[in-house]
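Results of the structural survey
Chain residues, written in single-letter form:
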Amino acid sequence: MRFQLLGDVRVTRDGQHVDVGPVRQRSVLAALLVDVNETVSTDQLVDRVWGDRPPTTARGTLASYLTRLRQALPEVPIERVRGGQRLVADPTTVDLLEFRAHMEAGRHEQALGLWRGEPLDGLTTPWAVRLRETLVDEHFAAVLDLADQYLATGRYADVLATLNPLSAAHPLDERLAGQLMAALAATGRQADALRQYDRLRRQLAEELGVDPGLELQEQYQRILHGEAPAKAPAPQQLLSPPRAFVGRTTELARLDEAGAVVVVSGAGGIGKTWLALHWAHRDAYRFPDGQLYVNLRGFDPSGRPVSPERALRGFLEGLGVPSTAVPSEVESQAALYRSLLAGRRMLVLLDNAADSAQVAPLLPGSTSTVIVTSRDQLTGLVASHGARRLTVDTLPPRDARALLAARIGADRVAAERDAVTELVDSCAGMPLALSIVAGRAQAYPAFPLAALAAELREARLNALDEDDPLASVRAVLSWSTDALKPPEAQLFALLGLAPGPDISAQAADALIGADAGRALRALERVSLVQQNSPGRYRMHDLVRLHAAEQATSDRDAALDRLIGYYMHGAYAVERALFPHRAPPVLAPMPEGPIAYEPPDDDAAWAWFHAEHACLAGTARLAMRRRQYAVVWQLAWFLAPLRWRQGYLDDDFDGWRLALAAAEHIDDTAVRAHASRGLGRACVQFHQIDEGIGHLQRALDLLADTDLALERAIVHSATANAFSTGRRYAEALPHARQALALLEPLGQPVLTAQARSQVGETLVRLRENEAGRALLEQAVTVFREHGDVDSEAITLSNIAISLDQSGRPAEALALFATCRGLYTTSGNHYHLADTLDRSGDILLAFGDIDAAAECWREAVVLFATTHQREFAERIKGKLTDLS
């Protein structure tokens, strides 16, 4: 049953027209369908069918119409409910509701395809007229949205074909005119685009006495100067194709014939990703508009699955959407993503999916092809989205033999045919198992393959997943680990427990309490670990799972050593880079024989960047092991490092975990530290009120203590929170309270920092002379104690006060000094801000080239510290210069 309102009111059953009576009776049906599944009161029905002057017999006639409709549509419940009537039907059977659902999902072409003419054609009541006008406006907006979609994807001819018929009916619509101008210019019809603008300009002047809007004027200027829009390059995000790919002819043929969405499922290590990548590269010509790829890490023990929001953001940026234009809500991101892919021939490869819920928002719902690989069969995707399933099984013996030949050499395989047959049989044709065997054979080229086959013969292939007992690599991995020497086997088992996506050689030393170099090299030779960068080792996820299952008597002690390593390293790096930061009262840290000590600042930063994911994993591991002091202290050590380098998500997560850990510790100061840390992290995300709430809790916790230093630090953080929210008057009392608390404590650097904060706040309040006096006092202390970073920050605020006082030349010179200091201390965030402000002054002086150079450097620095909003803001300044 289909109900049609976008044209004349019509009902069809199995494609055949159903007679639903005269005009008034059709009006009753339309009045119910607009609010399908909702109660429509009798008064509303009378108003919708007759208007504000119904006949005295209206209610009786209405009852008669309803009876006739029930007779004409016996399968459609029209329920009598208190005060009115309710028509019960699937909303997707009503074309008006389907149109709106398509629009909300970004499927503009499907939405517009439902229209058959003027909506509610033939109905003339005031309600029908008003609704018709609304629907006509919705139709026009949908057409313009579709035109935007065509423009974004370079379909300029479609823009012209869609909008030209509407131009005469909407001669004053600037959005429509702008779209036509863009399409005409992009197709080489610059003169026609300029004439389109000129017609609009004249008509606006004659009929309304106004000029076109600024945006359209700027578009006209761009076209006038030949700056026509260019189609964004097609994204090419695929990983490299597998080096040694054999067989799979049946699976490749099935992929050739598959529909829009294909689920490639099978056990881990069965070769799903290899198959998908090989086919994608082989058939790349079928997707002229590009390929998108994401590893969803659904079965990745080193971390959490990738969220749909993060995957969509990567896709949108790959499609040329500026990061500042990416919507914040995942539903809006998905709608934009679907709009951009509509009508395009693209391949989307979603690798290693966790479940259907993770994949569903990433389906474009258009002419693109989607391949999803997963160990899960994703039955929900098959049921709800019509996905075709392709199950990948083991390689047949011939292809398994060919894979070994490709890896260890055809001559060696040909020389020991029987042994190769036994190896292939023992590996059950699983590509990962075969690769491990090949790695073993390559590592020991003098070993006969028969010896390897004999060792493997006794191994029992058990199911990795009880749902698929034929697809297991445990036996092959057991055989590999059984061949290891005791130190190598011990390290292999412990690596499966280590937090983070990879591990450094020094951390591996800490894990076993000795030099792990030889054992790591042995594991690398037989493909149990891979050296993904110099000195860092990564395990395949299946290998890691198997390793974690191995028994080891040293398990708890090893994890304590590793946690101790990361704790000591984080502390050493924090102390090296921020020696003047006031440390809290620390709990005893776990002991460890291996410790990292940075030789210089560059090495300290390098260690932090390499280990930051492992450090986050260590905090989670410590939380699971109820080592609560470790959790909050790690958050404290890492906070300035994360903030300085733009790892704000990690900082927020770390403090949130720290606060949860602190609740298990009977120490008021610890809880206050954690509340303060989370409050500051909230402020970094501009969640000002939430941050102030956490900071106030910290102040409340410390109110009845004699911990003056801790109270001062929280007051300072609270002042910073108010300042970030530009609530400087509220910030000032907290900054002054921090200074008052610190002055008697004999902490010259911290006191100077507090004095600097008071001065900065006064400058923000335009009390430049008073603020500058305090700032200059603070600078003297910083120079005496070698606190370069604080000196630079304070000098920057002095420069701001000078600029605000009408002394821009002095401000610019001081900013130049700050740039040198920030470069020395590695403070990229403040360096970028200083370059931004310098550019503003230079532009005011008329030195456009120097301003642009400052801003270009600032964009790079903001991008490297993950401050995308600031980077995009400065890009806007650069655009304005051109």
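Scroll up to find the structure this text is about.
Residues numbered from 1 in each chain as written. Predicted model: local features only at pLDDT ≥ 70, side-chain atom pairs only at ≥ 80, totals over all residues. Heavy atoms only, no water.

1. Some remarks on the overall build of the chain
Along its length, the chain carries 41 helices and 14 strands. If one aligns the C-alpha atoms of the chain with their principal axes, the spans along those axes are about 95 × 90 × 65 Å. The 882 residues of the chain split such that 51% are buried. Contacts in the chain between residues at least 24 apart in sequence constitute 65% of all its contacts with a sequence separation of at least 6. Taken as a whole, the chain presents about 39100 Å² of accessible surface, with 50% of it coming from carbon and sulfur. (Helix = DSSP H or I, 4+ residues; strand = E, 2+ residues; numbered from the N terminus. Buried < 20%, exposed > 50% of the residue type's maximum accessible area, 1.4 Å probe, protein only. Contact = heavy atoms within 4.5 Å. Areas by Shrake-Rupley, 256 points an atom, 1.4 Å probe, with all protein chains shown as cover.)

2. Structural notes on the packing of aromatic side chains
The tally for this structure, following the rule as stated, stands at 19 aromatic pairs. Residues W643 and Y829 carry aromatic rings whose centres are separated by 5.7 Å and whose planes lie at 55 degrees to one another, so their mutual orientation is tilted. Residue W643 is found in helix α29 (residues 628-645), and its partner Y829 is found in helix α39 (residues 828-844); the two are separated by 186 residues along the sequence. Taken together, a centroid distance of 5.2 Å and an interplanar angle of 25 degrees make the contact between F862 and F870 stacked. The structure contains a cluster of three or more aromatic residues connected by ring pairs, namely Y565, Y566, Y596 and W607. Positioned above the aromatic ring of W636, the side-chain terminus of R581 is 3.5 Å from the ring centre. Cation over ring: R680 sits above W643, and NZ or CZ is 5.4 Å from the ring centre. (Phe/Tyr/Trp six-rings, centres within 6.5 Å; stacked < 30°, edge-to-face > 60°. Lys NZ or Arg CZ within 6 Å of the ring centre and 35° of its normal.)

3. Regarding the pairing of strand β7 (residues 261-265)
Where burial is concerned, most of β7 is hidden: five out of the five residues are buried. Neither face of β7 is open: one carries V261, V263 and S265, the other V262 and V264, and all of them are buried. As judged from the four bridges shared by β7 and strand β11 (residues 388-391), these two strands associate in the parallel manner. Looking across to β11, one finds that V263 is bridged to R389. (Pairing = 2+ DSSP bridges.)

4. Describing helix α32 (residues 688-702)
Taking 1.5 Å of rise per residue, 15 residues should cover 21 Å, and α32 covers 21 Å from first to last C-alpha, within 8% of that figure. For α32, every residue scored as buried is listed here: I688, G691, I692, H694, L695, A698, L699 and L702. Angular distribution of buried residues about the axis of α32 spans 160 degrees; they occupy a single face of the element. The inward-facing, buried residues of α32 abut α30 (648-662), α31 (668-684), α33 (708-724) and α34 (728-742). (Expected span 1.5 Å × (residues − 1). Arc of directions from axis to C-beta.)

5. A short note on the nonpolar core
Within the largest apolar cluster, 72 residues are counted, with the highest numbers of intra-cluster contacts made by L5, L29, L87 and F99. If one sorts the elements of this core by residue count, helix α6 (residues 126-152) sits on top with 12 residues. Leave out the neighbours within four places in its chain, and F99 touches L6, A111, L112, L114, W115, E138, H139 and A142. By size, the runner-up hydrophobic cluster in this structure holds 68 residues, among which are Y628, V631, L634 and A635. (Core = buried A, V, L, I, M, F, W, Y, C linked by side-chain atoms within 4.5 Å.)

6. Topic: the pattern of salt bridges
Tallying each qualifying case throughout the model produces 43 salt bridges. A salt bridge links R48 to D35, with the nearest nitrogen and oxygen atoms 2.9 Å apart. Placement of R48 in helix α2 (residues 42-50) and of D35 in the loop between α1 (23-33) and β4 (40-41) is noted, with a sequence separation of 13 residues between them. On the basis of relative accessible area, R48 is assigned to the buried category, the value being 10%. Between D836 and R873 there is a salt bridge, with the nearest N and O atoms lying 3.0 Å from each other. Of the two residues, D836 is situated in helix α39 and R873 in helix α41 (residues 868-881); the sequence distance between them amounts to 37 residues. One connected set of salt bridges, linked through shared partners, spans D256, R282, D283 and R286. (Salt bridge = Lys/Arg side-chain N within 4 Å of Asp/Glu carboxyl O.)

7. A word on the sheet that holds strand β10 (residues 369-374)
Taken together, the five strands give an open sheet; going across it, the order is β8-β9-β10-β7-β11, and neighbouring strands pair in parallel fashion. Looking at which strands have only one partner, the edges of the open sheet turn out to be β8 (291-295) and β11. Averaged over neighbouring strand pairs, the angle between their axes works out to 15 degrees when direction is ignored. Sheet analysis places β7 next to β10, joined by five bridges and oriented parallel. Considered in β10, the bridge of V261 is made with V370. Sheet contacts for helix α12 (residues 272-282): β7, β9 (347-351), β10 and β11; angle to β10, the most-contacted strand, approximately 160 degrees. (Axes fitted to C-alpha atoms, helices over the stretch in contact; angles between N-to-C directions.)

8. Comments concerning the side chain of R772
Assignment of secondary structure puts R772 in helix α36 (residues 768-785). Classification of R772 by relative accessible area gives buried; the value is 6%. Polar side-chain contacts of R772 include one of 2.7 Å to the side chain of E769. In this view, R772 contacts V763, I798, S801, L802, S805 and R807; residues no more than four positions away in its chain are not counted. (Polar contact = N/O pair within 3.5 Å; in protein donor to acceptor, adjacent residues only side chain to side chain.)

9. Some points on the packing of α29 against α39
Running from amino to carboxyl end, α29 crosses α39 at an angle of 35 degrees, the nearest separation of the two axes being 7 Å. In this structure, α29 uses W643, R644 and Q645 to contact α39, whose residues at the interface are H828, Y829 and H830. Of the residues assigned to the contact of α29 with α39, the class counts are two nonpolar, three polar and one charged. (Nonpolar A, V, L, I, M, F, W, Y, C, P; charged D, E, K, R; others polar.)

10. Things to note about unusual backbone geometry
The backbone of D14 shows a phi angle near 55 degrees, a positive value even though the residue is not glycine. By the element assignment, D14 lies in the loop between β2 (10-13) and β3 (16-18). Despite not being glycine, L120 has its phi angle at roughly 55 degrees, a positive value.

These figures come from the coordinates and say nothing about function on their own.
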